[in-house]
Amino acid sequence: MIKSYFITAIRNLRKNKISSIINISGLAIGISSALVIYLLVRHDFSFDRFHKGGESIYRVVSSTILPGLSEDTYYRSDVPSPMGKAVRNETTGLDKVSLFTLWGNSTKVSVPGQSTISVFKNQKNIIYADEHYFDLFNYKWLAGSPATSLRQPNQVVLSESNASLYFPGLPPGETIGREIIFNDTIQMFVSGIVEDFKQNSDLTFKTFISNVSLENKTTSSGNNDPLSQLFIKLAPGSTTVQIQTKVEALFKKYYPDLATKVISTYELQPLSDIHFNNKYSAFGNHLAHKPTLYGLLAVAAFLLLLACINFINLSTAQASQRAKEIGIRKTMGSSKKQLIVQFLGETFLLTLIATFISVVISPLLLKAFSPFIPEGLRFNPVQQPEIILFLLLLTVAVTVLSGFYPALILSGYRPVLVLKNQSFSSAGKSRNLWLRKTLTISQFVIAQVFIIATILVSRQISYTLNKDLGFKKDAIIYFEANTDDTVRNRVTVLRDKLKAIPGIKTISLSDGPITTRLTSTLIMHYQDDKTKLATMVQVKIGDSNFIKLYGLKLLAGNNLQQSDTIKEYIINETYADILGFQDPQQAIGKFIEGAPIAGVVSDFHQQSLHQKIEPIAIASAAPEESVFNIALQQNGAKGGAWKTTIDQIKKAFTEVYPEEDFQYAFIEESIQEFYRSEQNISRLLICSTAMSVFISCLGLLGLVIFISNQRTKEIGVRKVLGASVAQIISLLSKDFLKLIAMAFIISLPLAWYGANKWLANFAYRIELNSWIFIAGGLIMLSFAFLILGIKTFRAASANPVKSLRTE
């Protein structure tokens, strides 16, 4: 029987080649999209899910409100370092507690050999960890033991990849006891080697220095390491609320003065949440956005739904062609159940072919979208059996969703009526016609929402990249220079060398570029005879060229005077308004933090347009971190002059900092980086829109072909009676165009709601003009009219003599 079903299915595929190709194409596109999106979503949701007891591991984080200073809530993923020991010793209900400190900047590592010293620049992913770190997270030890490692000063544990880098050719056991020197001053000895995580993790650390080494270092220097990461594992029976209450009590106990000035709430962030929560740091790793991932799943569902709608529409439209076959089968004794199984089997065969095609297409799609495919995402069904399971479940789901209703309709024919060429009652015809219209409208609603969303996102991205940000951004590069006390004078030497390069227009030293995700925010006090005001202010340190280089518009007062200490401030319009100055000139000479206001500049965006402009104060002083901001000569963009200048800058940098690598970026690139996520969404939307329109048009083409063939004799009679080609095209197209118009009307409120919801993420955004929605409708109408026009024109232009001969 199964063999009979298979042969019948193959025969029907050959007989209905066009509809089979349309169905397979639509399903292949839908399944390919679902597979790629599944890989993306699965990749992000797999982070740090492999740790034993991971559901009980949390990071201690906090949110802080400054009463009377700011309405904003400040989220921190770090805690004061003494909190680690206090939580471990004074908090019950915990199984394990580990405190570690991020190293911060990239590091120089020296490995002494028998005759030479190997030097490795810009080493990252280094932490100071305590002896409990490896009890909390699942590392496989290749040499050494967690019982003895990280318990003594000057001990370091290396990952297998770093051990191979620093000691090439040595097995893990022989690296124990080997010497490593960090930044020429910190001497460590290898006490263990651990295997790199094979699974996805945000704990991407490669080098683990014993925390007691940091404690000895800070004690000898008289300083205290201020902020660290604190992870805990709950004991059975403990709750997060209980532990949060205890941690807050410890904060109030050890920091009573601070606890009276701020409202701090300590929370426990699940380990699995670190990869998604942008309120807190993920150790510099890429963060996923859960709403975006859920949106991708919705896109996959919609594309699959479009393909299924195509299948249902074409199957029910062509049902009458198989009426006699069904009538004969029923007369010969086939039951309704057997017919349903047969038709579902045919659907399964089509879906299986589409699935095989999608397996071939998916690697190509991953390659095409490689710029925003997460690093480490792999597509290898042989080594990833869960992919095969997903495809099997997807194939079954699509088969049932696409094939069950058509199978129910076809198997429900009554043999007596079928053999009399009365396969449908009038009620049945109306019901099937209503269903096809509803499904067709649904298709075009989805496609039009995609089109409108694509136009909207593209417009907003264009707005963000081209909006006047209040400063000059063209032809400016920046790079960081080391400002440790031992090499601070080298900053001056480098600046003097750069001044001699003819391709450089202006040089400015600051604590960072004008655009930055991270800002230094301080409480600043202003007081006069009538007003006493404390405000949260973003502070930037820049020399006297900073205002000039970035072209900030000075509304009142003068530029900063060069100084190594803060002697005056330039503030922005927003801060001047908060201080109550209606005219910027009124602010000149007033004092904040004991220093006069020298000038007021126009507002500028130092962060993305997601954030509103905050109060900003700019001061001239010796920055803790020196960033060189360099304006290149504008006429050097063509002819390679910029490249020559940058090569000269690199040469000067290398002469002054031979141990460092030269790394620079254009300001325009850093601005684009603010909107990398939106640009990725835009690319995905364009791709999804193209696929949704293509699938919808495929379905429309299939229906038009079927209806044109069904009405061949009618078209011939109308032409004989004098109907023109235009009249026949209008006759065949008007019903479809009505459905598309209805779909457009339904899509408007859906698209408007979604647009407002998405644009709410931007403090500065485009206006929702009606032309965006009208353009979306016209684009869809144009595609539909093209499909309708080509096929209906061919049908209307056919020789009526041939049409009237067709049975």
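Just so we're clear, the structure is a prediction, and the values are computed from it rather than from any experiment.

So, how was this worked out
The numbers attached to residues start from 1 for each chain and follow its sequence in the written order. Since the coordinates come from a predicted model, pLDDT governs what is reported: local features require at least 70, and pairs of side-chain atoms require 80 or more to be given and counted, while whole-chain, interface and lining totals use all residues. Side-chain measures were taken over the full set of non-hydrogen atoms in the model, leaving aside hydrogen atoms and water. Only DSSP runs of H or I with at least four residues qualify as helices, and only runs of E with at least two residues qualify as strands; both kinds are numbered from the N terminus onward. For every residue, the accessible area (1.4 Å probe, protein chains only) is compared with the maximum for its type, and the residue is labelled buried under 20%, exposed over 50%, or partly exposed between those bounds. Throughout, a residue-residue contact means that at least one pair of heavy atoms, one from each residue, lies within 4.5 Å. Areas reported as accessible are Shrake-Rupley estimates using a 1.4 Å probe. Residue values count occlusion only from the protein chains shown. For this analysis, a salt bridge means a side-chain nitrogen from Lys or Arg found within 4 Å of a carboxyl oxygen belonging to Asp or Glu. In this analysis, the expected span of each helix is defined as 1.5 Å times one less than the number of residues it contains. This arc is taken over the directions from the axis of the helix to the C-beta atoms. By the convention used here, strands pair only if DSSP detects at least 2 bridges between them. In this analysis an axis means a line fitted to C-alpha atoms, helices contributing only their contacting stretch, and an angle means the value between N-to-C directions, from 0 to 180 degrees. Note that the term roughly parallel is reserved for angles under 35 degrees, roughly antiparallel for angles over 145, roughly perpendicular for angles of 65 to 115, and oblique for everything else. By convention, the crossing between two helices is left-handed when the near helix turns anticlockwise from the far helix through less than a right angle, and right-handed when the turn is clockwise. Note on residue categories: nonpolar means Ala, Val, Leu, Ile, Met, Phe, Trp, Tyr, Cys or Pro, charged means Asp, Glu, Lys or Arg, and polar means any other residue, Gly included. Take the buried residues of types Ala, Val, Leu, Ile, Met, Phe, Trp, Tyr and Cys, join any two whose side-chain atoms come within 4.5 Å, and each joined set is a nonpolar core. Residues qualify for a patch when their relative accessible area is over 30% and they have no salt bridge, like charges being joined within 9 Å and the nonpolar side chains of Val, Leu, Ile, Met, Phe, Trp and Tyr within 5 Å. Only centres within 6.5 Å qualify two rings of Phe, Tyr or Trp (six-membered ring in Trp) as a pair; their planes then separate them into stacked at under 30 degrees, edge-to-face at over 60, and tilted for everything else. Look at NZ for Lys and CZ for Arg. If either is within 6 Å of the ring centre and within 35 degrees of the ring normal, a charge sits over the ring. N or O atoms closer than or at 3.5 Å make up a polar contact, with two conditions inside protein: a donor-capable atom paired with an acceptor-capable one, and, for residues adjacent in sequence, both atoms drawn from side chains. The predictor reports its confidence for every residue as pLDDT, a score running from 0 up to 100.

Engineer: Got a sec to walk through the overall build of the protein? Specific residues and values, please.
Structural biologist: A tally of helices and strands in the protein yields 25 helices and 25 strands. Each of the 807 residues in the protein was classed as buried or not, and the buried ones make up 49%. Counting contacts in the protein only where the partners sit at least 6 residues apart, residues at least 24 apart contribute 80% of the total. Only carbon and sulfur atoms are counted for the fraction: they give 57% of the accessible area of the protein, which is about 39,400 Å².

Engineer: Tell me about the pattern of salt bridges, and please be specific about residues and values.
Structural biologist: According to the stated counting rule, one finds 11 salt bridges in the structure shown. Residue R88 is joined to D130 by a salt bridge in which the shortest nitrogen-to-oxygen separation is 2.9 Å. With R88 in helix α3 (residues 82–90) and D130 in the loop between β7 (126–129) and α4 (133–136), the pair connects residues that are 42 residues apart, well separated along the chain. The class of R88 is partly exposed, set by a relative accessible area of 28%. Classification of D130 as buried rests on a relative accessible area of 6%. Here D647 ties to K643 by a salt bridge, and the two come within 3.3 Å at their closest N and O atoms. Separated by 4 residues within a single helix, D647 and K643 lie in helix α19 (residues 641–656), roughly one turn from each other. When its relative accessible area of 58% is taken as the criterion, K643 is described as exposed.

Engineer: Which residues make up helix α8 (residues 240–254), and what values go with them?
Structural biologist: Here α8 spans 21 Å end to end across 15 residues, near enough to the 21 Å set by a 1.5 Å rise per residue. Buried within α8 are the following residues: I243, Q244, V247, L250 and F251. Down the axis, α8 shows its buried residues gathered within 120° of arc, on one side only. Along α8, the residues that are exposed and aim more than 90 degrees away from the buried face are V241, T245, K252 and K253.

Engineer: So what's going on with the sheet that holds strand β24 (residues 626–632)? Which residues, and what values?
Structural biologist: Reading across from one edge, β16-β24-β15-β25 is the order of the 4 strands in this open sheet, with antiparallel pairing throughout. Unpaired on one side and paired on the other, β16 (504–510) and β25 (664–666) mark the two borders of the sheet. For this sheet, the mean inter-axis angle between neighbouring strands, taken without regard to orientation, is 25°. Relative to strand β15 (residues 476–481), α19 is tilted by about 10°, and along the sheet it contacts β15, β16, β24 and β25.

Engineer: Describe the packing of α3 against α8, listing the residues and the values that go with them.
Structural biologist: At their nearest, the axes of α3 and α8 sit 11 Å apart, and the two run at 125° to each other. When the axis of α3 is compared with that of α8, the two are oblique. Crossing angle aside, the handedness with which α3 passes α8 is right-handed. Contact with α3, carried on its side by M83, A86, V87 and E90, involves V247, L250, F251, K253 and Y254 of α8 and no other residues of that element. Partitioned by chemical class, the residues of the contact of α3 with α8 number 7 nonpolar, no polar and 2 charged.

Engineer: Tell me about the environment of I523, residues and numbers included.
Structural biologist: Along the polypeptide, I523 turns up in strand β17 (residues 521–527). Sequence separation between I523 and Q538 is 15 residues, and the spatial gap between their C-alpha atoms is 8.9 Å.

Engineer: Give a description of the nonpolar core that names residues and reports values.
Structural biologist: Counting 104 residues, the largest nonpolar core has F471, Y550, L552, F604 and I618 as the members making the most contacts within it. Considering each element in turn, this core owes the most residues, 14 residues, to helix α2 (residues 17–45). Apart from the residues within four sequence positions on either side, F604 is in contact with L469, G470, F471, I514, L552, I613, I616 and I618. Core analysis: the next-biggest nonpolar cluster, separate from the first, contains 23 residues, A475, I477, I501 and W642 among them.

Engineer: Pulling in residues and values, what's your account of the environment of I451?
Structural biologist: Among the secondary structure elements, I451 is positioned in helix α15 (residues 426–466). For I451, a relative accessible area of 4% corresponds to the buried category. In the structure, I451 is positioned 242 residues away from V693 in sequence and 8.5 Å away in space, judged by C-alpha atoms. Non-local contacts of I451, meaning those with residues more than four positions away in its chain, are made with T689, V693, G776, I779 and M780.

Engineer: Before we move on, could you go through a nonpolar patch on the surface and cite the residues and values that matter?
Structural biologist: The grouping of F348, V396, V400, F404 and L408 at the surface amounts to a nonpolar patch, some 400 Å² of accessible area in total. By residue number, the principal contributor to the nonpolar patch is helix α13 (residues 385–411), which donates 4 residues. Mapped onto the secondary structure, L408 falls in helix α13.

Engineer: How would you summarise the packing of aromatic side chains if you had to cite specific residues and measurements?
Structural biologist: Two aromatic rings are characterised by how far apart their centres lie and by the angle between their planes. All chains considered together, the criterion is met by 40 aromatic pairs. Aromatic side chains F100 and F231 sit 5.6 Å apart centroid to centroid with 15° between the ring planes, which places their arrangement in the stacked category. Residue F100 is found in strand β4 (residues 94–102), and its partner F231 is found in strand β13 (residues 227–234); the two are separated by 131 residues along the sequence. We classify F100 as buried; its relative accessible area is 0%. Classification of F231 by relative accessible area gives buried; the value is 0%. A centroid spacing of 5.8 Å and a plane angle of 80° characterise the contact between Y526 and F581, whose relative ring orientation is edge-to-face. A residue pair is termed long-range when its members are at least 10 positions apart, and Y526 in strand β17 and F581 in the loop between α18 (573–578) and β21 (591–592) qualify at 55 residues. For Y526, a relative accessible area of 2% gives the class buried. Taken together through their ring pairs, the aromatic side chains of F50, F100, Y133, F134, F137, Y139, W141, F197, F205, F208, F231 and F283 make up a single cluster. The side chain of K290 reaches across the aromatic face of F276, ending 5.0 Å from its centre. Between the NZ or CZ atom of K467 and the centre of the ring of Y764, over which it lies, the distance is 5.7 Å.

Engineer: Would you mind going over the side chain of S602 in detail, with residue names and values included?
Structural biologist: Tracing the backbone through its elements, the reader meets S602 in the loop between β22 (595–601) and β23 (616–619). Residue class for S602 comes out buried when judged on its relative accessible area of 14%.

Engineer: Provide a residue-level description of the side chain of T107, including the pertinent values.
Structural biologist: Locating T107 in the fold gives a position in strand β5 (residues 107–112). The exposure class assigned to T107 is buried, which follows from its relative accessible area of 1%. Within the structure, the side chain of T107 is placed 2.6 Å from the side chain of W103, a separation counted as a polar contact. With near-sequence residues (within four places) excluded, T107 lies in contact with F120, K121, N122, Q123, I126, F182 and N183.

Engineer: Provide a residue-level description of the confidence of the model for the protein, including the pertinent values.
Structural biologist: Here the protein shows a mean pLDDT of 83. Residues at 70 or above account for 89%. Confidence drops under a pLDDT of 50 for residues 218–226, and excluding neighbours within four residues, the segment shows 11 contacts in the predicted structure. Here residues 423–428 scores under 50 on pLDDT; set against residues more than four positions off or in separate chains, the count is 10 contacts.

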